Amino acid sequence: MNAHKENLNLFFQQIKGTSERRAAFYVGWLNRFLEFYRGSFDEFSEGDLKAFGNYLDQRGYDEWQVKQAQEAALLYVEKFLQKNIVFKNKETPDNRQFPVETWEEAKDVFITTLRLRHYSYNTEKTYREWVRRFLLYTKLKSPLKAKPDHVKRFLTHLAVERKVASSTQNQAFNALLFLYRDVLGVEFGDFRNTIRAKKSRRIPVVLSKNEIKKLFKYLPQREELMLKLIYASGIRVTECVRLRIKDLDFDNHSLIVRSGKGDTDRVSLLPEFLHGPLKAHLKMVKDIHDKDIAKGYGAVFLPESLERKYPAANLEWVWQYVFPADNLAVDPRSGIVRRHHIGQQVLQRAMRSAVLKAQIGKAASVHTLRHSFATHLLQAGYDIRTVQDLLGHKDVSTTMIYTHVLKNGPHGIKSPAEFLG
């Protein structure tokens, strides 16, 4: 039994790229799942996974715990046991499974499964768009005719004719893998001989401290605050716009990124020079929230399980967005009129305009501030593991791209032509 437990711990360490201590949590959730589930793993379905989540939810577990437990169960079935998840879309009287027969039906299952697995709305939109492009290219009339060769031809088309970047082709691959494996029940097989887009290694664009000071002179007040926060803490633009009041910890000079890339939480920096401007900004946000409530609105978006568990939480101040949108809008998933967070494009446009006005001769975007945060920390002598943790990188090799700055400057390599100066 101990040997089996050690094997499972090692499995979760490898599949999640995590420590032995953190993998033990997944093993614990898996044991809870195995106590709950009494069926055959050959017939394990999305409904069983959802039932397990509801079981934990009813026992008072937090949303993040339910998600982690469901992930442990899913990884165990799909990766460890290598079983396919069964979709019970239609059943014959003798309970045999019908395949998905129409694209309309496939679309419903596709969206339901994405949401069941807590994929973000941005990922849902991206995956749906790739499926749309795939169907336009292949002209498949029915899901029953979908074969892995159709995906191979489409990926080759993207690489050879469309000349997309490797990351774009991988995005399409992941969307179609999800469609085939989790909706259509079709395994991909061997894709090693498929033509793949060439993977490029790019040096990130980094702004100097003087350029950053110059940049901030040409920004509106709200956008200046948001972009300063991104540079000061190294968070992604999506993480910035999704910040909620409860994520700001002024006393500990830190902010908490919830469900960041890879659906993980982490803590980053909240320097003191931003405390005053942020608190003044929050006073204005509180006024907006109070007015929304007075008009019968003010209920912010919350994950479904959390909203079920705490039905009044969506009106509470601590759950509101730090940077709310200017106007109320209809939630695309629920149809409820509410105030969402500010859109990423607002920041991107402000950044683009400021770069032009400041006459900075670099192709800088909002993400450049994150690159600059990491680079300036390394230049200041902080170790790469610290920077990795602050950025939320799963693998240190991703953070290594910023070490190019350590090879230049007064303590780095000098050109042999220096004597000409």
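Everything here concerns the structure above.
Only a predicted model underlies this, so the values are computations on that prediction, with no experimental measurement involved.

Participant: Residue-level account of the sheet that holds strand E1 (residues 248-249), with values.
Facilitator: An order of E1-E2-E3 is seen for the 3 strands of this open sheet, with the pairing classed as antiparallel. At either margin of the open sheet sits one strand with a lone partner, and together these are E1 and strand E3 (266-269). Pairing analysis gives 4 bridges linking strand E2 (residues 254-257) to E3, with the strands arranged antiparallel. Directly across from Ile256, in E3, lies its bridge partner Val267.

Participant: Which residues make up the nonpolar core, and what values do they have?
Facilitator: In this structure, Leu227, Leu229, Ile230, Leu278, Phe323 and Met351 are the most contacted members of the largest nonpolar core, which totals 38 residues. Looking at this core, the elements that each hand over two or more residues are helix H9 (209-215), helix H10 (221-233), helix H11 (237-241), E2, helix H12 (275-294), helix H14 (344-357) and helix H15 (366-379). Here this core gets 6 residues from one element, more than from any other, and that element is H10. Not counting residues up to four positions away in its chain, the partners in contact with Leu227 are Phe216, Leu219, Leu347, Met351, Val366 and Leu369. Counting residues in hydrophobic clusters, the runner-up holds 27 residues, among them Val131, Val151, Leu179 and Tyr180.

Participant: Pulling in residues and values, what's your account of the packing of aromatic side chains?
Facilitator: Per the stated rule, a full pass over the model turns up 23 aromatic pairs. A centroid spacing of 5.3 Å and a plane angle of 45° characterise the contact between Tyr37 and Phe41, whose relative ring orientation is tilted. Between the aromatic rings of Phe41 and Phe44, the centroid separation amounts to 6.4 Å while the plane-to-plane angle is 45°, which identifies the pairing as tilted. Classification of Phe44 by relative accessible area gives buried; the value is 0%. An aromatic cluster of at least three residues, connected via ring pairs, comprises Phe11, Phe12, Tyr26, Phe33, Phe36, Tyr37, Phe41, Phe44, Phe52, Tyr55, Tyr76 and Phe80. A cation sits over an aromatic face here: Lys279 above Phe250, 5.0 Å from the ring centre. Sitting over the ring of Trp317, Lys286 keeps its end group 5.7 Å from the ring centre.

Participant: Can you lay out the pattern of salt bridges for me, pointing to particular residues and giving the numbers?
Facilitator: All chains considered together, the criterion is met by 15 salt bridges. The shortest N-O distance in the salt bridge between Asp247 and Arg258 comes to 2.9 Å. Of this pair, Asp247 sits in the loop between H11 and E1 while Arg258 is found in the loop between E2 and E3, placing the two residues 11 residues apart along the sequence. Overall, the relative accessible area of 3% leaves Asp247 in the buried class. A residue is classified by how much of its surface remains accessible, and Arg258, at 38% relative accessible area, is partly exposed.

Participant: Let's hear about the pairing of E2: which residues, and what values?
Facilitator: Strand residues, when the strand is regular, have side chains that alternate between the two faces of the sheet. Relative to E2, E1 runs antiparallel, the two sharing 2 bridges. Of the residues in E2, the one forming a bridge with Asp249 is Ser254. The hairpin turn running from E1 into E2, its antiparallel successor, is 4 residues long, and His253 in that turn takes a positive phi close to 55°.

Participant: Lay out the packing of helix H5 (residues 103-116) against helix H6 (residues 121-138) in plain terms, naming residues and giving numbers.
Facilitator: Here H5 crosses H6 at 155°, and the two axes come no closer than 11 Å. Considered as vectors, H5 and H6 are oriented roughly antiparallel to each other. Our pair here, H5 against H6, has a crossing hand that is right-handed. When H5 is examined against H6, the residues Trp103, Lys107, Phe110, Ile111, Leu114 and Arg115 are found in contact with a partner set consisting of Glu124, Tyr127, Arg128, Val131 and Leu135. In the contact of H5 with H6, the residues fall into 7 nonpolar, no polar and 4 charged.

Participant: I'd like a description of unusual backbone geometry, backed by residues and values.
Facilitator: The residue Lys139 is not glycine, and still its phi comes out positive at about 55°. Summarising the element assignment, Lys139 is placed in the loop between H6 and helix H7 (148-160).

Participant: Can you explain the environment of Asp247? Please cite residues and give values.
Facilitator: C-alpha separation for the pair Asp247 and Arg258, spaced 11 residues apart in sequence, amounts to 7.9 Å. Those residues in contact with Asp247 that sit more than four places away from it in its chain are Arg242, Ser254, Leu255, Ile256 and Arg258. A polar contact is formed between the side chain of Asp247 and the side chain of Arg258, at a distance of 2.9 Å.

Participant: Talk me through H14; I want residue IDs and the actual numbers.
Facilitator: The first and last C-alpha atoms of H14 sit 20 Å apart over 14 residues, in line with the 20 Å expected at 1.5 Å per residue. Along H14, the residues that are buried comprise Leu347, Ala350, Met351, Ala354 and Val355. Each buried residue of H14 lies within a common arc of 135° when the element is viewed along its axis, so the set occupies one face. Next to the buried residues of H14 lie H9, H10, H11 and H15. Just past H14, the residue Gln359 takes up positive phi, approximately 55°.

Participant: Lay out the environment of Leu328 with the relevant residues and their values.
Facilitator: The residue Leu328 is located in the loop between helix H13 (304-309) and strand E4 (329-330) in this model. The exposure class assigned to Leu328 is partly exposed, which follows from its relative accessible area of 30%. Spatially, the C-alpha atoms of Leu328 and His341 are 9.9 Å apart, while their sequence positions differ by 13 residues. Ignoring anything within four residues of it in the chain, the contact list for Leu328 reads Asp292, Tyr297, Val337, Arg338 and Arg339.

Criteria and thresholds
- Residues numbered from 1 in each chain as written.
- Predicted model: local features only at pLDDT ≥ 70, side-chain atom pairs only at ≥ 80, totals over all residues.
- Heavy atoms only, no water.
- Pairing = 2+ DSSP bridges.
- Helix = DSSP H or I, 4+ residues; strand = E, 2+ residues; numbered from the N terminus.
- Core = buried A, V, L, I, M, F, W, Y, C linked by side-chain atoms within 4.5 Å.
- Buried < 20%, exposed > 50% of the residue type's maximum accessible area, 1.4 Å probe, protein only.
- Contact = heavy atoms within 4.5 Å.
- Phe/Tyr/Trp six-rings, centres within 6.5 Å; stacked < 30°, edge-to-face > 60°.
- Lys NZ or Arg CZ within 6 Å of the ring centre and 35° of its normal.
- Salt bridge = Lys/Arg side-chain N within 4 Å of Asp/Glu carboxyl O.
- Axes fitted to C-alpha atoms, helices over the stretch in contact; angles between N-to-C directions.
- Parallel < 35°, antiparallel > 145°, perpendicular 65-115°, else oblique.
- Left-handed = near helix turned anticlockwise from the far one by under 90°.
- Nonpolar A, V, L, I, M, F, W, Y, C, P; charged D, E, K, R; others polar.
- Polar contact = N/O pair within 3.5 Å; in protein donor to acceptor, adjacent residues only side chain to side chain.
- Expected span 1.5 Å × (residues − 1).
- Arc of directions from axis to C-beta.

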